[in-house]
Number of protein chains: 2
Amino acid sequence: MTESLTEETTTDAAVDKELLEKLLLGRWAETRRVSRAVAADPQFHKVEGITKEDHRERVLKQLHGLVEAGAVQRAFPEEFGGQDAHGANIAAFEELVTADPSLQIKSGVQWGLFGAAVLHLGSEEHHARFLPGIMDLSVPGAFAMTEIGHGSDVASLGTTATYDPTTEEFVLNTPFPAATKRYLGNAAVDAKDAVVFAQLITPGEEEGQAPINRGVHAFYCHIRDEQGNPLPGVTIGDDGQKGGLNGVDNGQFTFDSIRIPRTYLLNRYGDVAADGTYTSSIESPGRRFFTMIGTLVQGRVSLTGAALAASKLGLIGAITYGNQRRQFNASSTTEEEVLMDYQLHQRRLIPRLATTLAASFAHEKLLTKLDDVFSGADDSDQNRQELETLAAAIKPIATWHALDTLQEAREACGGAGFMAENRFTSLRADLDIYVTFEGDNNVLLQLVAKRLLSDYAAEFKNADAGALSRYVATQAQSTVLHRFGLRRAFQSVQDTGDERRSANWFKQPDVQRDLLTDRVRQMVIDAAGELRSAAKKPAAEQAATFNEHQYEIIGAAKAHADLLLWEAFTEALEEIEDPGTKKVMTWLRDIYALSRIEETLDWYLINGRVSAQRAKTLSPYINRLVARVRPHAQDIVDAFGYTDEHIRMEVASGAERERQEEAIEHYRRLRASSSAPVDEKVLLKQKRSGS
Amino acid sequence: MTESLTEETTTDAAVDKELLEKLLLGRWAETRRVSRAVAADPQFHKVEGITKEDHRERVLKQLHGLVEAGAVQRAFPEEFGGQDAHGANIAAFEELVTADPSLQIKSGVQWGLFGAAVLHLGSEEHHARFLPGIMDLSVPGAFAMTEIGHGSDVASLGTTATYDPTTEEFVLNTPFPAATKRYLGNAAVDAKDAVVFAQLITPGEEEGQAPINRGVHAFYCHIRDEQGNPLPGVTIGDDGQKGGLNGVDNGQFTFDSIRIPRTYLLNRYGDVAADGTYTSSIESPGRRFFTMIGTLVQGRVSLTGAALAASKLGLIGAITYGNQRRQFNASSTTEEEVLMDYQLHQRRLIPRLATTLAASFAHEKLLTKLDDVFSGADDSDQNRQELETLAAAIKPIATWHALDTLQEAREACGGAGFMAENRFTSLRADLDIYVTFEGDNNVLLQLVAKRLLSDYAAEFKNADAGALSRYVATQAQSTVLHRFGLRRAFQSVQDTGDERRSANWFKQPDVQRDLLTDRVRQMVIDAAGELRSAAKKPAAEQAATFNEHQYEIIGAAKAHADLLLWEAFTEALEEIEDPGTKKVMTWLRDIYALSRIEETLDWYLINGRVSAQRAKTLSPYINRLVARVRPHAQDIVDAFGYTDEHIRMEVASGAERERQEEAIEHYRRLRASSSAPVDEKVLLKQKRSGS
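These figures come from a predicted structure and were not determined experimentally.

Residue and element names in this part refer to chain B. Considering the arrangement of structural elements, one finds L390 in helix α10 (residues 381–412). Taking C-alpha positions, L390 is 25 Å from E21, a pair spaced 369 residues apart along the chain. Leave out the neighbours within four places in its chain, and L390 touches L366, K369 and L564.

Quick look at the structure:
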């Protein structure tokens, strides 16, 4: 190796596009290819600028098209024509976003929420009775969980389902306006039936006792008659125009004492006998609730994948255009620069490319875990909890990243980026709601943080005295180092003035891992310390203390997600054997890691993890890394494997290159001709030097 | 004063809403009130979800409504029924954004670009001939500057206007497809005429000499005949659906040797005599170009104000909803918390409120400068340049801030934020293009940076040897301090463990000013040092060196803008006499300053301006500040002075409060009754303790 210590050679870097495409398609490559072929069909493509009525009609028709294409059955049991294939189902479903996010979400409502609730919360009897109609779309349905007054806090829903033993029915009620079911896909126009979430109230166990609230349960419910009119007692509203996804008919339900048979309770985790006796396999009402809700994790997983697909489309558009579009003539040659040659443009797009890759690899792990749990291959309580925590960490990062990337891509294309024909604004508008539905991103991050805090607490509950004292010693040492800036000072001495040595430090995977891990760990320790001081105080004071640290606690959850993405990217690198591809992808992994560290560099400085001397070199080093990746950016986005039918952007069509070449050719010919105008500036210079 | 050194009393803090509203309305308060009254009229309000054709028709009608309301004449000369009132004109124009951004932009095209080009670039003859039709909208027009191939780089436009002395006409041509005029408001449907920007080519000064390119000039041009058909030689295209602003009919022009009279050159800064002789009052072609383009600065100024108005609407919606909406029951009382009581919610909204105020005060200064220049009160070259630099610094900050604030506000309202009835998504979609039109934000920031660098160079060109050596000595000292972390270490000794002393340091205006100023200054010095090393190298190498530092150079421009906003906020505080209002507004100024410093805290740490000990206390201090402002947040947004007719958001209507109160009342009554269900969890606890 002739590679110097100070600067890597870049000559052998080259992306094997086919190999990278295969890696990115992942475990469900074949399913993704099949689903992409469906999404390439123009019948499924979004038409811009139509009314919501036309859009809704088009998307409903597309859903029937999906049924015909055999695209929606994968997750359902084999006995109903399905494949019991859960990971594959999500992978296929994600790919639909390139056709039209409304199509993705409406099919998600029908089969991923409404159908999945029957599948996961219902008994075999429910499956036999309801799944066939759900699967073939003869029964479109809504998933009636959210209420106007309660979104994230599902446990506090206001709708009630009170059991009446005299008729063996449940009576569903909307007791006050805030309990109106709202934002329900399929509700405004199409849903015939629905799964309704309500507080289950059963009679008191003994004569004269108050009724008992068993917590939120799911009920199958008919909503409209055969003619499409609301059934008696059901009032339906239309949510109307939205910021995006206008192909989905979101709407509202209120219930005025409607009665449903006892057997319509989806009773897998809790049942009511004819006499009103309640039974459940899970004794703790809290755990029972989280188990029921937990079956819906696949929504979060699929939004993550869809958000990444949309990010990829955005990057394809902006990077392709950035390689063709010319603007300004900085270097005084005859041709203007292509945008991708500007450092700022590289800085805007390449770290986002790196994050997209990191998140894609993390998503692949998430999907594998989902498949393990839902297929039964590894369906332990612990694995379910890990799946939920992982989804709660990655969904926020991926969905916010999609909005950020689509926006940066749109701005990087200037006015062209704003045209509907280039889809950035349309995708962004449709994906906007992804950051707050299926779990508000900030609420999910808070769940992750609470999990981190309780894991930390558990670690010490079971630790022996030796472990604890070793740990405390380490901590104390760390605090001492930090307090006196010794660790930092030590780095300074080593680093003074040597930017290259510093870069060599930052590019070591162990250093990156340590920095990212250390941050999560220390943030959790710090937060736990703050919370411990209130541990024995009344609940209201505990809550106040938690609230006073909410901002930093959520910061810890984000740091955890950063680490998860880094780990996934680093593991993926191990699968790459081609050295040229590995080199470019390693740079991108480094860009991901170092951008995250740059973003939170103040923390590393304050906590003595990075010296000021070393920190100073970080930004210039990232600048050099993005410049190194720049010649390969097009190959990477090409390796996403989308075809023109998926991309459908004028900016990515090659038209810009053609226009630029025509302009260059025009000026070349003009210069060669005798009629070329002389620039007045040139003339003035000649006159001045002549006089 | 009983106020302790360590914690401010908060009891006397109170916002005098009327006083604050007056302060925020600023110098053109009366004009703003008149324009808000116009904007409150339902005929001007955006209707969501209609097709672009219906929207375009509606907005054209609205423009006629504005003429009737006397809302568009302010900037024009008195002799044509105007008022020669430039600041007032922009203030009035900005306020229209609350009605419909399409209305604002289409009227901006007609009167602020098309009309203003005739006014500022044309002669009195042009005024007399063209302004009346422009003002009364009998002649809708386009402003044909941008081309598909050239947006930001106007000097390189491809369209040519070649003078033909034999017929005394200019021949306009689109020499290649990339020179097609594009994204022109009014072009697709309504424009009868246009101002076209083209390279002016005049004959060689002597027989047989090559023609001369005089650079980009503006030409008045007829586009459509009375029936609305394109005139011969003009081809018109429709840009179609866009990401927003679909009430504006953006379109395209290509010219195939169309001929216009010699007198159609808007000749204020450059004229062509009948024989083809070119004359200009500005000898330098470069300065001439920038003078012509400089007259268009008002577009940037007005977008800044409109973006702030939209930010205010977003904050009104989110903060009002945050004060009414309840979710989760953290403190275990019977009522759930309102969202604004969550620290994270305060952190999401209150710093954005602070920035909105800072930018509003900076905008007011910008508007005053614009009025000084355009009214002739202070129309020096230097003041024009200052106006341009100021606009180039503030427009990017304000427009990006609007998108960021509208998005955060939408997310802070969850699903409700996504409904068109709450306008966040609609305003955000419409304002998206503000960040790249009328000067791409990054290109503008680069202009600012270049100005900072040249000011810095000029400072030393004229400095005597003494000044220079004193300066170098200061710098050297600063470097030594920085290199060995002495200044930082000194702070550490003072600060160790004393968070409150540290907070007292951060809240001093002099400290804030020093920190913000020092950052701009040092960043410029650092960048200048890097660029100086290439100063004597060939142009291509100089350009490469500049490009290698583009990211940090643009960082310096942003730091400069941060300082401008801080200065404006601090000056505004001096005008507040009411102590309660002053206290709250001072907290908000501090939040603005400290949020900016927090955002770039790594720089302050690396460069030894803030010690690690002190830096550690910054985030908790901001947390305390936002909590202090929290009880006053509603008063502040109320003081923006918008009425229900401007706000038009369900989330701000009080409906949420009503729903929450109904729910609370329902549960209160239920608890008081004998039929209240007992929670299964409670029952389980009772059983366990009983057995």
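Once that is clear, we can look at the relation of the copies chain B and chain A. Note on the copies: chain B fits chain A at an RMSD of 0.0 Å, the axial shift is 0.0 Å, and the rotation between them is 180°. Such a combination of rotation and displacement between the chain copies is what one expects of a two-fold axis. Distance from the rotation axis, computed per C-alpha, reaches its smallest value in chain B at D602 of chain B: 2.1 Å. Take the interface residues of chain B: 100% of them recur as interface residues in chain A, which is what a same-surface contact looks like.

Moving on, we come to the domain arrangement of chain A. Residue and element names in this part refer to chain A. Along its sequence, chain A is organised into domain 1 (17–134), domain 2 (141–288) and domain 3 (297–638). A C-alpha centroid distance of 25 Å is found between domain 1 and domain 2. Opposite the 23 residues of domain 1 that make contact, domain 2 presents 30 residues. Of the roughly 2,200 Å² buried between domain 1 and domain 2 on both sides combined, carbon and sulfur atoms contribute 61%. Linking domain 1 with domain 2 are 3 salt bridges. Counting the contacts that link domain 1 with domain 2 gives 14 residue pairs in polar contact (both at pLDDT 80 or more). Of all the elements in the fold, those that place two or more residues in the side of domain 1 that touches domain 2 are α3 (52–68), α5 (101–121) and α6 (124–135). The leading source of residues in the side of domain 1 that touches domain 2 is α5, at 13 residues. Its residues placed into classes, the side of domain 1 that touches domain 2 shows 12 nonpolar, 7 polar and 4 charged.

Our next topic: the pattern of salt bridges. Counted by the stated rule, this structure contains 92 salt bridges over all chains. Across the salt bridge formed by R214 of chain A and E680 of chain B, the nearest N and O atoms sit 3.6 Å from each other. Highlighted residues: R214 of chain A in strand β6 (residues 212–222) and E680 of chain B in helix α26 (residues 680–690), drawn from two different chains. A relative accessible area of 8% means that R214 of chain A is categorised as buried.

Thresholds applied
Residues numbered from 1 in each chain as written. Chains lettered and ligands numbered in written order. Predicted model: local features only at pLDDT ≥ 70, side-chain atom pairs only at ≥ 80, totals over all residues. Heavy atoms only, no water. Helix = DSSP H or I, 4+ residues; strand = E, 2+ residues; numbered from the N terminus. Contact = heavy atoms within 4.5 Å. Least-squares fit on C-alpha atoms with pLDDT ≥ 70 in both. Domains from an automatic or database assignment. Buried area = accessible area lost by both parts, 1.4 Å probe. Salt bridge = Lys/Arg side-chain N within 4 Å of Asp/Glu carboxyl O. Polar contact = N/O pair within 3.5 Å; in protein donor to acceptor, adjacent residues only side chain to side chain. Nonpolar A, V, L, I, M, F, W, Y, C, P; charged D, E, K, R; others polar. Buried < 20%, exposed > 50% of the residue type's maximum accessible area, 1.4 Å probe, protein only.

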